[in-house]
Every structure is written in structure tokens, then in C-alpha cells.
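Commentary on secondary and tertiary structure
Below, each chain spelled out in residue letters.
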Amino acid sequence: MKKLISIDIDGTLINSKHEISERTKKTLIEAQKQGHKIMISSGRSPKGVEKYYKELELDKYEGYICNYNGAVVTDVKTNEVIINHTLNFDKMKEMLKFSKTQDIYFVIYFNNIVYTNNLSTYNLDDVLIKNDTLLKYVPNLVDSIDFKPNNILFTQDASKMTEPSKNIFDKFKDDFEFVYSEPFYFEAMPKNVSKGETLVEVAEKLGYRIEDTIAFGDQGNDFTMIKLAGTGVAMGNAIDELKENADFITKTNDEDGVAYYIEKYILD
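Here we summarise the structure given alongside this text. Note that this is a predicted model, so its numbers are computed, not measured. (Residues numbered from 1 in each chain as written. Predicted model: local features only at pLDDT ≥ 70, side-chain atom pairs only at ≥ 80, totals over all residues. Heavy atoms only, no water.)

On to the packing of helix α4 (residues 89–99) against helix α7 (residues 162–172). Running from amino to carboxyl end, α4 crosses α7 at an angle of 150°, the nearest separation of the two axes being 11 Å. Between α4 and α7, the angle falls in the class roughly antiparallel. Judged by the twist between their axes, the crossing of α4 over α7 is right-handed. Within the contact between the two elements, α4 uses Lys91, Glu94, Met95, Phe98 and Ser99 and α7 uses Asn167, Ile168, Lys171 and Phe172. Its residues placed into classes, the contact of α4 with α7 shows four nonpolar, two polar and three charged. (Axes fitted to C-alpha atoms, helices over the stretch in contact; angles between N-to-C directions. Helix = DSSP H or I, 4+ residues; strand = E, 2+ residues; numbered from the N terminus. Parallel < 35°, antiparallel > 145°, perpendicular 65-115°, else oblique. Left-handed = near helix turned anticlockwise from the far one by under 90°. Contact = heavy atoms within 4.5 Å. Nonpolar A, V, L, I, M, F, W, Y, C, P; charged D, E, K, R; others polar.)

Here's what the structure looks like:
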């Protein structure tokens, strides 16, 4: 049976040089030629994954990108958004106001712009580079926001993240889904939205049985995808929790772990 293959980017698709290796690129293009569908699944914005889906020719082979940890899915051949989940506006504003009482920063993606209320936001340069986007500084952002984003990215040095993220989670866990995409990134998504739930949603929409889905990941935001996919594949460099719940542990992202699995178990 043909497969729907969902692949995380950082620590999974790309190596430590932030590149898709030639072997991985060749393998994933061959998989598409043989009729399998590829979906890049990332916490990044659509703009932030554009160069990767173009390298893999997803726009030629009817591939998909899943962004903001499952909130938005786009058919990159037609540029049609097939899934779009946004945050509850009033609860979002309440959460952002509360976050200002905590030792934590936040950024908001919307229409290829990153909004922040603080130019000292931790890791702001990394956020801008990974999402290939512009910055808009709005000091009174919490009060002036007039749009409904797909997620909120909270950020802080990993050594300082535990207490503020726990306080936000405890207060708003009934209103949002929360996940760590990195030890220094804590993300809020719409309720019941995750990479895994969206993989199931896409599979149903495209007519795939869940047992014919495969997911590759390495971090906490990949957990639901690894658990809900027909086959969950943890990278050799994945966090322990992911490895413990995966169906298969492949090689690391610097050892072409995605290509290794697909060559061994998927390609004719």
C-alpha cells in the first residue's frame, strides 16, 4: 500500500548543518515517484519550510506542509489551505496578559510576520531565521492584537523555563494544547490540535488508512504524531520519551535516519 509519510524538520529531516542531505533528498523524491505522499510537519511557519518542500519537490508531487504543530495544512501544489485551526481569541488575550506576569517571552506568527512586544525576547533571531520572516515590534501587542493566530510561541532560556511554563499550563490547560518543541520553546495551540491529530485528519481527508501512515520525529511536539501514526519512527537523536513510545528507532539525523528507514522498509 502507498504511504502518507509525515516528517518533522529540525533534528529529523535536516542534519546538524541545517541541510537536507543528498541521500535523504534523493530517497524522498524517489518515494514520491513511487506514489507515496510526503507531508512536512513542523512548528515553523509556512514560509519557514518553503525551501525544504521545494528541495524535495513536494510542489511537483502533490505534497503537503503541516505548520504550527498541526494548526495549518497546505497543499503546496495548489497552494490551497486544507486545514486551518485558530486560537480562541478571548482566551488567547487572557493567556498573553497572564504571561506578562511570568518570567517568559512570547512571539506570534501571522501572515509571514513575527510579532513581539519585547525586542529582548529570548532567541528572537533564531525564530526569525527559522521562519524566514519579518519582525514587527508592537509594545502594546496584547491590547492591540486584532487577529486570530494559529499558535503562540513562548520562549525562555531552558534553565528558566520550567516554572513559568508550568504556571501557564496549569491556568490554561483546559483551553489550549501545550507542547515543548525545544527545551526553550513552549507552544500553545488550539484545543485538540497537535501534529498527531492533524496527521489523522489529513489521512482521513486524503483517503489513507491510519495504518498506512508513517511519522518521523525527535522532540516533544512530535510525540502525538509518533503515537497516532500507523508506524511511529523516532530518530536516533530523539528524546528518550519519544524513543520509548516509537515503533522503530532509526539512525540519527546526521546519519540519514529518515532515508535509512524509507530505503529499508518503503521503497520497492
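Having seen the structure, we can now continue with the description.
Relative to the elements of secondary structure, lysine 2 occurs in the segment before β1 (4–7). Between the C-alpha atom of lysine 2 and that of alanine 203, which follows or precedes it by 201 residues, the distance is 12 Å. Within the local environment of lysine 2, its side chain forms a polar contact with the backbone oxygen of glutamine 34, the two atoms lying 2.6 Å apart. (Polar contact = N/O pair within 3.5 Å; in protein donor to acceptor, adjacent residues only side chain to side chain.)

Moving on, we get to the pattern of salt bridges. Considering all chains together, one arrives at 20 salt bridges under this definition. For lysine 3, the salt bridge identified is with aspartate 212, shortest N-O distance 3.2 Å. Remark: aspartate 212 occurs in the loop between α8 (195–206) and β12 (213–217) and lysine 3 occurs in the segment before β1; sequence separation between them is 209 residues. In this structure, lysine 3 and aspartate 212 share a single accessibility class: buried. The salt bridge involving arginine 209 is made with glutamate 211; its shortest N-O contact spans 3.4 Å. (Salt bridge = Lys/Arg side-chain N within 4 Å of Asp/Glu carboxyl O. Buried < 20%, exposed > 50% of the residue type's maximum accessible area, 1.4 Å probe, protein only.)

A word on unusual backbone geometry. The phi dihedral of asparagine 111 is positive, around 50°, even though this residue is not glycine. Along the chain, asparagine 111 falls in the loop between β6 (105–110) and β7 (113–116). A relative accessible area of 61% means that asparagine 111 is categorised as exposed. Backbone geometry at asparagine 112 places phi at a positive 60°, although glycine is not the residue there. As for its placement among the helices and strands, asparagine 112 is situated in the loop between β6 and β7. Residue asparagine 112 is classed as partly exposed on the basis of its relative accessible area of 43%.

Core analysis: the largest hydrophobic core is formed by 44 residues, its most contacted members being Ile7, Leu13, Leu28, Ile40, Val73, Phe216 and Ile262. The residues touching isoleucine 262, leaving out its near neighbours within four places in the chain, are Ile5, Thr27, Leu28, Ala31, Phe216 and Leu267. If you look at the next biggest cluster of nonpolar residues, it comprises 23 residues, including Met92, Phe147, Phe154 and Ala188. (Core = buried A, V, L, I, M, F, W, Y, C linked by side-chain atoms within 4.5 Å.)

A word on the sheet that holds strand β9 (residues 152–155). Taking strand neighbours across the sheet as the criterion, the six strands line up as β8-β7-β6-β9-β11-β10 in an open arrangement whose pairing is mixed. The sheet is open, and its two edges are formed by β8 (134–137) and β10 (176–182), each paired on a single side. Within this sheet the neighbouring strands show an average axis-to-axis angle of 25°, counted without direction. Examined bridge by bridge, β9 and strand β11 (residues 185–190) share four bridges and lie antiparallel to one another. (Pairing = 2+ DSSP bridges.)

Here lysine 130 shows up in helix α5 (residues 124–131). Discounting residues that sit within four places of it in the chain, lysine 130 has contacts with Asp10, Arg44, Gly48, Glu182 and Tyr185.

Our focus in this paragraph is the sheet that holds β12. Spatially, β5-β4-β3-β2-β1-β12-β13-β14 is the arrangement adopted by the eight strands of the open sheet, whose pairing is mixed. The sheet is open, and its two edges are formed by β5 (80–84) and β14 (248–249), each paired on a single side. Here four bridges tie β1 to strand β2 (residues 37–41), and the two strands are oriented parallel to one another. By the bridge assignment for β2, serine 6 is matched with methionine 39. On top of the sheet, helix α11 (residues 257–265) reaches β1, β12, β13 (231–234) and β14; it is set at about 155° to β12, its chief contact.

Looking now at the packing of aromatic side chains. If you walk through the whole model with that rule in mind, you get 15 aromatic pairs. Seen from their ring centres, phenylalanine 98 and phenylalanine 172 are 5.9 Å apart, and the 65° between their planes marks the pair as edge-to-face. Taken together, the residues phenylalanine 98 in helix α4 and phenylalanine 172 in helix α7 connect sequence positions 74 residues apart. No difference in accessibility class separates phenylalanine 98 from phenylalanine 172, as the two residues are buried. Ring geometry for tyrosine 115 and phenylalanine 147: centres 5.0 Å apart, planes at 45°, overall tilted. Of this pair, tyrosine 115 sits in strand β7 while phenylalanine 147 sits in the loop between α6 (141–144) and β9; the two residues are 32 residues apart in sequence, bridging distant segments of the chain. Residue classification places tyrosine 115 among the buried positions, given a relative accessible area of 10%. (Phe/Tyr/Trp six-rings, centres within 6.5 Å; stacked < 30°, edge-to-face > 60°.)

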